[in-house]
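# Coordinates in review
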Amino acid sequence: MKIDGKPYRTIWLAEDGWSVEIIDQTLLPHDFKIARLTGLAEACHAIKAMQVRGAPLIGVAAAYGMALALRENASDDGLANAATSLMATRPTAVNLRWAIERLMKALSGVSTGDRVATAYALAAEMADEDVRLNQAMGAHGLKLIEALVKTKTAPGRLNILTHCNAGWLATVDWGTALSPIFAAQKAGIDVHVWVDETRPRNQGASLTAWELASAGIDHTVIVDNAGGHLMQHGQVDLCFVGTDRTTASGDVANKIGTYLKALAAHDNNVPFYVCLPSPTIDWTLSDGFKIPIEQRAQSEVTHISGLTEAGTIETIRLTPAKSPAANPAFDVTPARLVTGLVTERGVCAASAEGLLGLFPERRP
Ligand code: MRU
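A brief report on the enclosed structure follows. Everything quoted here is computed from the prediction, not taken from an experiment.

As a further point, take the side chain of Thr 246. Structurally, Thr 246 is set in strand S10 (residues 245–247). Leaving out residues up to four positions away in the same chain, Thr 246 has contacts with Asp 251, Val 252, Leu 276, Thr 280, Ile 281, Asp 282 and Leu 341.

Structural data, given as structure tokens:
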């Protein structure tokens, strides 16, 4: 995607040929800064502190983190330590495990002297692959948008609601849930996006809104509780969300609050689609409630930061100092509430049969 006319991905190899550069997402939308990662500790911090975030990007960041770690120690111990440290950064997005397992498998038969080069090559391949999958997913999601535009009885733009940030910042490029929206814009379709602010980290208000504004796509930021009301009043035609882990039976873990949107969509006959590249499918799990849910710091709920009139970024307390807070970061939407899964291979029912129809090689 382009920022001020310059094309960017969210992660890339620096000009020195070994360090890794990322867009520091903790500073957006107020500041666009590049951060440089030079070792395992910095890679782990970038994922944990959410300088990089979003399931597909977490996976690719972990792959580059493995490459950086192997520069420090390419022995078997170094490899195992890198895998354990990166795996512990964030528990819900399965792309992290997928990326680390793929690297471990590729590196198992490789001599210590060749491990660094192999890891960098595979990380770059995974980054390119993510871009391809997301673009393909966007083309399939576009077909859903086009079909819905044809059935609209009242003239006017198509209103799409999305939750959290599932745009290009959450991936290497294109995004998941926003990929069909970028494709619709290119196809000249008049879309408007309702952007859930997505407390507590506000990925919608800060990141999705920034992406859509940068791309010139019409959008409106709403508080998380507004979606149900808008659906009741016919102001949402379609929901597109991403996912951090989808089970083999189609249950969907995504940013906290997704489940409530799915319930409201179900109650109001609004199609609710989940967009996911296949590395986000956990083929080892059938029960969504077995997905580990990340519990994040209370301070993300009790405090908020933003830009002051004076142009500085400040953090303020919202809650009484004596009130504790709980901060589960994800929830699980059962498959029965999901209209369909949009993948790089097409759209399927949120069910074991639906997924196996698109990925027959996964049949036991
Ligand atoms: O906690 P985050 O910001 O990493 O959560 C991101 C999301 O929940 C996205 O919607 C998700 O990763 C799926 S789409 C890339």
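So, on to the sheet that holds strand S16 (residues 330–333). The four strands are arranged S13-S10-S11-S16 in an open sheet whose pairing can be described as mixed. Strands with a single pairing partner mark the edges of an open sheet, and in this sheet they are strand S13 (281–282) and S16. As paired elements, strand S11 (residues 252–255) and S16 share four bridges and run antiparallel to each other. Across the sheet, Val 252 pairs through a bridge with Thr 333, a residue of S16.

Attention now goes to the environment of Ala 253. With respect to the helices, strands and loops of the structure, Ala 253 is situated in strand S11. Taking C-alpha positions, Ala 253 is 14 Å from Leu 96, a pair spaced 157 residues apart along the chain. Those residues in contact with Ala 253 that sit more than four places away from it in its chain are Thr 92, Thr 243, Asp 244, Arg 245, Ile 291, Asp 331 and Val 332.

For the rest of this paragraph, the subject is the packing of aromatic side chains. In this structure the tally under the stated criterion is six aromatic pairs. With centroids separated by 6.2 Å and ring planes inclined at 55 degrees, the aromatic side chains of Phe 240 and Tyr 273 adopt a geometry described as tilted. Residue Phe 240 is found in strand S9 (residues 238–241), and its partner Tyr 273 is found in strand S12 (residues 272–275); the two are separated by 33 residues along the sequence. Judged by its relative accessible area of 13%, Tyr 273 is buried. Here the aromatic residues Tyr 8, Trp 12, Phe 32, Trp 168 and Trp 210 are joined through ring pairs into a cluster of three or more.

Conventions adopted
- Residues numbered from 1 in each chain as written.
- Predicted model: local features only at pLDDT ≥ 70, side-chain atom pairs only at ≥ 80, totals over all residues.
- Heavy atoms only, no water.
- Helix = DSSP H or I, 4+ residues; strand = E, 2+ residues; numbered from the N terminus.
- Contact = heavy atoms within 4.5 Å.
- Pairing = 2+ DSSP bridges.
- Phe/Tyr/Trp six-rings, centres within 6.5 Å; stacked < 30°, edge-to-face > 60°.
- Buried < 20%, exposed > 50% of the residue type's maximum accessible area, 1.4 Å probe, protein only.

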